Amino acid sequence: YGFPTMVGLTGTASFAVLTDIQTEMQVAEEEAIILPKTFDRKEIGFEVRKVPRAEKSVALKIVKQDLPFTLTSNPQSFYEIQGDQTNAGIIFCPNAGGPSGVVFVATLLGHGNYFCGKAPKTFLSRPQEWKMYKKSIQKEFKENKIQEIVATKAFGMGIDKPNIRYTIHYGLPQSVESFYQEAGRAGRNGKHGYAKSFILYSDDNWESALEILEEPCFLNFR
């Protein structure tokens, strides 16, 4: 019967990943690779705000305060639960714990809606409860029962939620591909200018940079 027709699909991939896919699938012909004409997302506006590390929590609150005006929405009702018309948002953090972690940021914003791959300290001795909590938070967010979630990159793979209106990175993403993928969870309804994506960038935090690099050989240079 011969070989079946196969297709390999990915939302975002670097050239290194693309080359690996070609090797694994034994695709040598360049004409077999179909790329989009542009990676521009007209439904998302992008903004990087450079802020000192010590002022990042204040900057986050300012961004959220300005968001309704940026997206030309009513500031009095922007963050209210409104079914599938809820202005949902995701705040991405580089880790679970610490001053840039999901627990700290969710507490800073006055809610406990956070999601990360590994259990934070508060759940370390209760793995089954943590598993149930994560499942519940993700379900409630998808069903518009909570407006906002604070998460690490572990959240949202495959999430196709049309009413996510903003993403905020509370730190520098690990790569351009990671940022594009995470920011792209907003604006899924395709409406021009519907969503906004922010990065709160600080260049005065050497330790966080080392955490992102995750290279043991750099640790001796502190």
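Report follows, based on the coordinates. (Residues numbered from 1 in each chain as written. Predicted model: local features only at pLDDT ≥ 70, side-chain atom pairs only at ≥ 80, totals over all residues. Heavy atoms only, no water.)

### Regarding the packing of aromatic side chains
Aromatic ring pairs are reported here in terms of the distance separating the ring centres and the angle at which the planes meet. Rule in force here: Only Phe, Tyr and Trp rings take part, Trp by its six-membered ring, and two of them pair if their centres are within 6.5 Å. Stacked means planes under 30 degrees apart, edge-to-face means over 60, and tilted covers everything else. Helix and strand labels come from DSSP, where a helix needs a run of H or I of at least four residues and a strand needs a run of E of at least two; each type is numbered from the N terminus. The buried label goes to any residue with under 20% of its type's maximum accessible area, the exposed label to any with over 50%, and the partly exposed label to all in between, with areas taken from a 1.4 Å probe on protein chains only. In our convention, an over-ring charge means Lys NZ or Arg CZ found within 6 Å of a ring centre and within 35 degrees of that ring's normal.
In this structure the tally under the stated criterion is eleven aromatic pairs. Judged by centre distance (5.2 Å) and plane angle (65°), the rings of Phe-115 and Phe-155 are edge-to-face. Highlighted residues: Phe-115 in strand β3 (residues 114–115) and Phe-155 in the loop between β4 (148–151) and β5 (164–169), separated in sequence by 40 residues. We classify Phe-115 as buried; its relative accessible area is 8%. Measuring from centroid to centroid gives 5.9 Å for Phe-141 and Phe-155, while their planes differ by 70°, and the two rings are edge-to-face. Linking Phe-141 in helix α4 (residues 127–142) with Phe-155 in the loop between β4 and β5, this pair joins segments that are 14 residues apart in sequence. The two residues Phe-141 and Phe-155 agree in class, both being buried. Put simply, the rings of Tyr-114, Phe-123, Trp-130 and Tyr-133 pair up and form one aromatic cluster. Seen from the ring of Tyr-79, Lys-64 lies directly overhead, with NZ or CZ sitting 4.6 Å from the centre. If you follow Arg-165 out to its NZ or CZ, it ends over the ring of Tyr-194, 4.5 Å from the centre.

### Focus on the side chain of Arg-185
Defined as follows: In protein, a polar contact means a hydrogen-donor-capable atom and an acceptor-capable atom, both N or O and within 3.5 Å, with residues adjacent in sequence counting only if both atoms are side-chain atoms; elsewhere, any N or O pair within 3.5 Å suffices.
Looking at the secondary structure, you find Arg-185 in the loop between α5 (176–183) and β6 (195–201). Looking at Arg-185, its side chain comes within polar contact range of the main-chain oxygen of Phe-155, at 2.6 Å.

### Points about the sheet that holds β5
Quick reminder of the rule: The rule for pairing is simple: two strands pair if DSSP sees at least two bridges between them.
Judged by pairing direction, the sheet is parallel, and its six strands sit side by side in the order β1-β6-β5-β2-β4-β3 without closing on themselves. In the strand order of this sheet, the two ends are held by β1 (44–50) and β3, each with one partner. Inspection of the sheet shows strand β2 (residues 88–92) paired to β4 by four bridges, in the parallel sense. Directly across from Ile-90, in β4, lies its bridge partner Ile-149.

Fair warning: the whole summary comes from geometry, so function is off the table for now.
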